[in-house]
Amino acid sequence: MELEQTLIKKIKTAGQEHLLRYWSILTEQEQQEFASQLEAVNFDILPELINQYVLNRPQTAIPADLGPAPFFPLNPRSEEEKKRYEQAEKEGKELLKSGRVCCLTVAGGQGTRLGFDGPKGSYPIGPVSGRPLFAYFAQNILRAGEKYGKPITWYIMTSKLNNQDTVDFFRKNNFFGLQENQVFFFVQGTMPAIGYDGKLLMANTHSLSLSPDGHGGTLLALRKSGALDRMKKEGTDIISYFQVDNPLVHVVDPLFIGMHIQENAQMSAVMLSKTGPFEKLGNFCVSGGRLQIIEYSDLPEELAEKRNADGTLAFVAGSPAIHLIQRDFVEELTSSGNLRLPWHRADKKIPFIDENGSAISPSEPNGVKLESFIFDALPLASRTMVMEFDRAEVFAPTKNPTGVDSAESCRRMLVDRDLKRLASVGVRIPCKADGTPDVTVEISPRLVLDAEDAAQLATSRLIDFENGMKVVIE
């Protein structure tokens, strides 16, 4: 096959003619695969990206007017605010009943850091049952649809690496009770890796060296996949966004949704009070009246340690990457067919082939991978809202096998959350001599979405624990 002359011209104009070096020796199949990759590259903007992010190293500039972001606190500060929260929760429930909310999960990663071979979402996290991460979200979404009388569509962003395995996993598990047409899989976009000389790296004679374009790329992938069109057709305009490694998340939260709409926000965010000045969470900040997130590694030490008059951290609001996003805002950010977000540079050791076609595995970083972050959409929104939630209720990331933010800590938090729910409605929890619970309980997310469901569960059946029990309540 022959490449389109317009594409060849774009490649040469961008200074990337080396990509055509092996074309004549490729098989027809290899040419088709390579042509597909080349057509996906935006060669028109490539020289600008290379100049800005590769040939020059971007510096994170801290604005002089940077301040802590305002947020709605976990507990209302006045009777008036309490009434507002109550009204917002009612409004959120009505929005769920009217089908205006969908769920979006970023699930392109593998379970490598967990020592697990497969998509991260298929990792068994249930403290007793071994229920996979995907099941927690699916069964909560199923329960939410049942509770509010309107099925919720679930959009799942996979990657080229794990898409087929993810789809197969859902089919094998009968979509965890959801209807198959409730789940919309779409694949994350990629960006070509770039050598320090500004040339795109090739993985072999018929393939670019490609890497995922970051969770910010979710927004463009929604457009390209037809997901935005489906949302519009279904009358969905609020997207509940969360990541696949956090089974404690509220897949939909009526209060959060209601406050988001009351504030007329294009994008809203959950915040957690940081445990210390240097906790590894992004910091919610404001500059020029716009909300933004400054990474924990970029916030100057004097700001990280800054205190209010009462001794509390000034920059206390940390991001667990839980958002509400308006569909029309995503449409606006992707209307040109490109993503209106900045890129972030990551220096990596990237395997490639040299000018002789020999495979090279570098021992030192030799190039740049570019990725976008979804939180960079916040300063582009006309209105935003941040609301505090209880960490123990919404955030248990599963990143490592043990230690902080691990499968071990996540399972413990899932059990603690379920025991707390049962204890709050009068269920007796057996304890050890030191007062800690002496029972391991896992409540099916199909049964209990929230505290109200836990109360109904406790009144509908006899729940009686014995010391040392490990039990799943299905």
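Before reading further, recall that the structure is shown in the block above.
Residues numbered from 1 in each chain as written. Predicted model: local features only at pLDDT ≥ 70, side-chain atom pairs only at ≥ 80, totals over all residues. Heavy atoms only, no water.

Draft legend 1. Fine view of the side chain of Glu393. Looking at the element boundaries, Glu393 is found in helix 12 (residues 391-394). Dropping the residues within four chain positions of it, Glu393 is found in contact with Leu248, His250, Arg417 and Lys420. (Helix = DSSP H or I, 4+ residues; strand = E, 2+ residues; numbered from the N terminus. Contact = heavy atoms within 4.5 Å.)

Draft legend 2. The environment of Asp298, seen in detail. Here Asp298 shows up in the loop between strand 13 (290-294) and helix 10 (301-304). On the basis of relative accessible area, Asp298 is assigned to the partly exposed category, the value being 30%. Other than its neighbours up to four places away in sequence, Asp298 contacts Thr60 and Ile62. (Buried < 20%, exposed > 50% of the residue type's maximum accessible area, 1.4 Å probe, protein only.)

Draft legend 3. Structural context of the layout of surface pockets. Taken as a whole, the second largest pocket holds about 830 Å³ of empty space. If you trace the second largest pocket, you find 31 residues lining it, with Ala40, Thr190, Met191, Leu220 and Lys224 closest to the centre. Taken together, the elements giving at least two residues each to the lining of the second largest pocket come down to helix 2 (28-40), helix 3 (46-53), strand 5 (190-192) and helix 7 (217-225). Residues of the lining of the second largest pocket, tallied by class, amount to 16 nonpolar, 11 polar and four charged. (1 Å grid on protein atoms, 1.4 Å probe; cavity = no way out; pocket = protein on both sides within 12 Å on 5 of 7 lines; lining within 4 Å. Points joined across faces, edges and corners; volume = space filled by probe spheres on them. Nonpolar A, V, L, I, M, F, W, Y, C, P; charged D, E, K, R; others polar.)

Draft legend 4. Local environment of the pattern of salt bridges. In the structure shown here, the tally under the stated rule is 26 salt bridges. Linking Glu263 and Arg84 is a salt bridge whose minimum nitrogen-to-oxygen distance equals 2.5 Å. Here the residue Glu263 occupies a position in the loop between helix 9 (254-262) and strand 11 (267-273), and Arg84 occupies one in helix 4 (residues 79-97), the gap between them amounting to 179 residues. Given a relative accessible area of 15%, Glu263 falls into the buried group. (Salt bridge = Lys/Arg side-chain N within 4 Å of Asp/Glu carboxyl O.)

Draft legend 5. Inspection of the sheet that holds strand 6 (residues 194-195) at higher detail. Overall, antiparallel pairing links the three strands, which are arranged 6-19-16 in an open sheet. Edge positions in the open sheet fall to strand 6 and strand 16 (344-348), since each of these has one partner strand only. Sheet topology note: the strand 16/strand 19 (residues 367-371) ladder contains five bridges and is antiparallel. When the sheet's bridge partners are listed, Arg345 is paired in strand 19 with Leu370. (Pairing = 2+ DSSP bridges.)

Draft legend 6. Representation of the packing of aromatic side chains in the model. For the coordinates displayed, the defined rule picks out 17 aromatic pairs. When the ring of Phe134 is compared with that of Phe169, the centres are 6.4 Å apart and the planes differ by 45 degrees; the resulting orientation is tilted. Here Phe134 is found in helix 5 (residues 133-148), whereas its partner Phe169 is found in helix 6 (residues 163-172), with 35 residues between them in sequence. Given a relative accessible area of 18%, Phe169 falls into the buried group. The interplanar angle of 80 degrees and the centroid separation of 5.2 Å between the aromatic rings of Phe170 and Phe185 together place this pair among those described as edge-to-face. Taken together, the residues Phe170 in helix 6 and Phe185 in strand 4 (residues 183-187) connect sequence positions 15 residues apart. Taking relative accessible area as the criterion, Phe170 reaches 0% and is therefore assigned buried. Connected via pairs of aromatic rings, a cluster forms that spans Phe134, Phe137, Trp154, Phe169, Phe170, Phe175, Phe176, Phe185 and Phe242. (Phe/Tyr/Trp six-rings, centres within 6.5 Å; stacked < 30°, edge-to-face > 60°.)

Draft legend 7. Structural context of the environment of Asp416. Inspection of the secondary structure assignment puts Asp416 in helix 13 (residues 407-424). Under the relative-accessibility criterion, Asp416 is labelled partly exposed at 43%. Sequence separation between Asp416 and Ala321 is 95 residues; the distance between their C-alpha atoms is 22 Å.

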